[in-house]
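The primary structure of each chain is shown beneath.
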Amino acid sequence: MSINGVLRTGEVAIRVLDIDAARTHYGERVGLIETLREADGTTYYKAWDEYDLYSVILRPADSPGLDHVGFKVLDDATLDDVVAKLEGLGIATTALAADTLPKSGRRAQFTLPSGHTAHLFAEKEQCGNGMPLRNPGTIPPPGTIRGMRATRLDHCLLGGADLEGNAKVFIDAFGWRVTEKVIDSGSGIDIVVFYSGSNKPHDVAFVRNPEQGRFHHASFFLNSVEDIYHAGDLIGYYDIPVEVGPTRHGATRGATIYFFDPSGNRNEVFTDGYIYYPDRPMLVWDTDHLGEAAFAQDRQVPESFLTVTT
Amino acid sequence: MPEVSPRRWTVQIDDGPPTPCPPGTSVLRALAAGGRRGVPIGCRSGGCGVCRVRVESGHYERGPMSADEVPPADAAVGIALACRINPLSDLRITVLGRRPRSTPGALPPVKTHACEEIRS
């Protein structure tokens, strides 16, 4: 099947230096919808077309970066099945009781070989997308879609040293597939690996990095290249630090802009790309062709894109 | 009385030429606008640490920045991220770059898992 028991990257928890500035950025500018707020300032958001109560968690801290990435699974049986497969690979998991994260069922927590904390969860309260389930219509109430018009959390790119260990997790335990790779032209080792558990060109990707547990970016899906350009206009209007774009990726063929939140965590807005089926052959890019793999129009990769993470 | 425009402080990298820094403008932005190379440009939001400098002389105000990149002991001796400091006087700075980590090395470590394969 083209949708796996591990459904998607359903949650990204990010540390921020200034929660008020972060709320302005993710809420008013990216256009996410705040759904929960805790006493310590931790704030929960969903994108408008997601049903789950939240997909982005912002926690005030003295350093930015990733707290955890959450993968949503189909049901509790799938959760137990994936946990058994992880344990079989020698990856220890910790059970988190229901409501450890608000309005969410029991979870399994583990550390990816790349050094990132990951969660698996099957249950999270759903609040819907503003449209009824019966005779839903085509748009939510006017005003719901705002800012950059992000429709969903699409994927994230994370950096770490042990990409081979991660392959065991995503292929053997999750049942995901590698859609594309960037390999070192000399040695042939993996530099970037793109995984899909769905029809998307990627649900998560990893870049080889000597430091473990690094956060490269979280990406939000927009509905059109026109919306990408609209996001670019907002980035200019608000003077948001922008790194690349608008342009198009070679890998995934997505249209993109990269920019930074007020704590230096990188964001992307993304659209297009192909539809992926499990019988689609894996594509490989050599680092000799890194320019066109990364940014296919000007074929230039800014140094910061390769060196800056949080 | 003609209106007095706010003072434009200057920023100098080592003994290089002074670059004007308009009020409310970060040191990094002023250097980039002035065409001065030398301080790497990263997230421009106090998070990534590549624009780390040491302020050798002068006063400045400091916005939020990552404690992983500038721990309090470093901040106490004038180390800061250039994207998050605004001059309150003329400044002279030295470029440091991102704080070295305990896992240095440009070459990525390659883990082949060969041992496990041989054992099985």
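Our subject is the structure listed above.
Notes on the structure in this doc start here.

The rules behind these values
- Residues numbered from 1 in each chain as written.
- Chains lettered and ligands numbered in written order.
- Predicted model: local features only at pLDDT ≥ 70, side-chain atom pairs only at ≥ 80, totals over all residues.
- Heavy atoms only, no water.
- Core = buried A, V, L, I, M, F, W, Y, C linked by side-chain atoms within 4.5 Å.
- Buried < 20%, exposed > 50% of the residue type's maximum accessible area, 1.4 Å probe, protein only.
- Phe/Tyr/Trp six-rings, centres within 6.5 Å; stacked < 30°, edge-to-face > 60°.
- Lys NZ or Arg CZ within 6 Å of the ring centre and 35° of its normal.
- Contact = heavy atoms within 4.5 Å.
- Buried area = accessible area lost by both parts, 1.4 Å probe.
- Salt bridge = Lys/Arg side-chain N within 4 Å of Asp/Glu carboxyl O.
- Polar contact = N/O pair within 3.5 Å; in protein donor to acceptor, adjacent residues only side chain to side chain.
- Nonpolar A, V, L, I, M, F, W, Y, C, P; charged D, E, K, R; others polar.
- Pairing = 2+ DSSP bridges.
- Helix = DSSP H or I, 4+ residues; strand = E, 2+ residues; numbered from the N terminus.
- Axes fitted to C-alpha atoms, helices over the stretch in contact; angles between N-to-C directions.
- Expected span 1.5 Å × (residues − 1).
- Arc of directions from axis to C-beta.
- Parallel < 35°, antiparallel > 145°, perpendicular 65-115°, else oblique.
- Left-handed = near helix turned anticlockwise from the far one by under 90°.

### Here's the deal with the nonpolar core
So, step 1. Core analysis: the biggest nonpolar cluster contains 57 residues, and Phe71, Leu120, Phe170 and Phe174 of chain A have the highest contact counts within it.
So, step 2. Residues Cys21, Val27, Leu28 and Leu91 of chain B belong to the second largest nonpolar core, which totals 21 residues.

### Quick notes on the packing of aromatic side chains
So, step 1. Taken as a whole and assessed by the stated rule, the structure comprises 15 aromatic pairs over all chains.
So, step 2. One Lys or Arg, Lys124 of chain A, reaches over the ring of Tyr54 of chain A and ends 3.9 Å from the middle of that ring.

### A look at the interface of chain B and chain A
Accessible area lost on assembly of the parts is the figure often given for the size of an interface.
So, step 1. Contacts between chain B and chain A engage 27 residues on the former and 28 residues on the latter.
So, step 2. For the pair chain B and chain A, the summed buried area comes to about 2000 Å², and 54% of that belongs to carbon and sulfur atoms.
So, step 3. In this structure, the connection of chain B to chain A is made through three salt bridges.
So, step 4. If you look at where chain B meets chain A, you find nine residue pairs in polar contact (both at pLDDT 80 or more).
So, step 5. Of the residues belonging to the side of chain B that touches chain A, the class tally is 10 nonpolar, eight polar and nine charged.

### Remarks on the sheet that holds strand β1 (residues 6–16) of chain A
Residue and element names in this part refer to chain A.
So, step 1. Read across the open sheet, the eight strands follow the order β2-β3-β4-β1-β5-β8-β7-β6; overall the sheet is mixed. Only two strands of the sheet have a single partner each, and these edge strands are β2 (33–37) and β6 (93–96). Here the strands of the sheet are splayed against their neighbours by 25° on average, with no regard to which way each runs.
So, step 2. Where β1 lies against strand β4 (residues 56–60), five bridges are found, and the strand directions are parallel. Paired with Val12 across the bridge in β4 is Val56.
So, step 3. The sheet contacts of helix α2 (residues 76–88) involve β1, β5 (65–73), β6, β7 (107–111) and β8 (117–121), and relative to β8 the element is tilted by about 145°.

### A short note on unusual backbone geometry
All names here are of chain A.
So, step 1. The amide bond that connects Gly245 to the next residue, Pro246, takes the cis arrangement and shows omega of 5°.
So, step 2. Summarising the element assignment, Pro246 is placed in strand β14 (residues 242–248).
So, step 3. Its identity is not glycine, yet Asp99 carries a phi of approximately 70°, on the positive side.
So, step 4. Counting through the fold element by element, Asp99 comes out in the loop between β6 and β7.

### Here we look at helix α4 (residues 225–238) of chain A
Residues and elements named next belong to chain A.
So, step 1. Over its 14 residues, α4 extends 20 Å from the first C-alpha to the last, a length consistent with the 20 Å expected when each residue adds 1.5 Å.
So, step 2. Looking at α4, one finds that the buried residues are Asp227, Ile228, Ala231, Leu234 and Ile235. What you see down the axis of α4 is that its buried residues fit within an arc of 115°, all on one side. Pointing more than 90 degrees away from the buried face of α4 are the exposed residues Glu226, Tyr229, Asp233, Gly236 and Tyr237.
So, step 3. At its buried positions, α4 is contacted by α1 (19–29), β14, β15 (254–260) and β16 (266–272).
So, step 4. Of the residues one or two after α4, Asp239 is the one with positive phi, at around 60°.

### A closer look at the pairing of strand β7 (residues 91–95) of chain B
All names here are of chain B.
So, step 1. Relative to β7, strand β1 (residues 9–13) runs parallel, the two sharing three bridges. What sits directly across from Gln12, in β7, is Arg92.
So, step 2. Pairing of strand β3 (residues 52–57) with β7, which is carried by four bridges, proceeds in the antiparallel orientation. Following the sheet pairing, Arg54 is matched in β7 by Thr94.

### Concerning helix α3 (residues 163–173) of chain A
An α-helical segment advances 3.6 residues per turn. Residues three or four places apart therefore align on the same side.
All names here are of chain A.
So, step 1. Listed in full, the buried residues belonging to α3 are Leu163, Gly165, Asn166, Val169, Phe170 and Ala173. Buried positions in α3, seen along its axis, are confined to an arc of 160° and lie on one side of it.
So, step 2. Elements that come into contact with the buried residues of α3 comprise β5, α2, β7, β9 (152–160), β11 (190–196) and β12 (204–208).
So, step 3. Of the residues trailing α3, Gly175 is marked for its positive phi of about 75°.

### A word on the packing of α2 of chain A against α3 of chain A
Packed helices, taken two at a time, are described by their axes: the angle between them and the distance between them.
All names here are of chain A.
So, step 1. Close contact between α2 and α3 brings their axes to 10 Å; oriented N to C, the two are set at 140°. By the angle class used here, α2 and α3 are oblique. The element α2 and its partner α3 pack so that their crossing is right-handed. Along its contact with α2, which presents Val82, Lys85 and Leu86, the element α3 presents Val169, Asp172 and Ala173.

### Here's the deal with the pattern of salt bridges
Residue and element names in this part refer to chain A.
So, step 1. Counting across every chain of the model gives 28 salt bridges over all chains.
So, step 2. We note a salt bridge from Arg8 to Asp52, for which the minimum N-O separation is 3.5 Å. Residue Arg8 is found in strand β1, and its partner Asp52 is found in the loop between β3 (43–46) and β4; the two are separated by 44 residues along the sequence.
So, step 3. For Arg8, a relative accessible area of 33% gives the class partly exposed.

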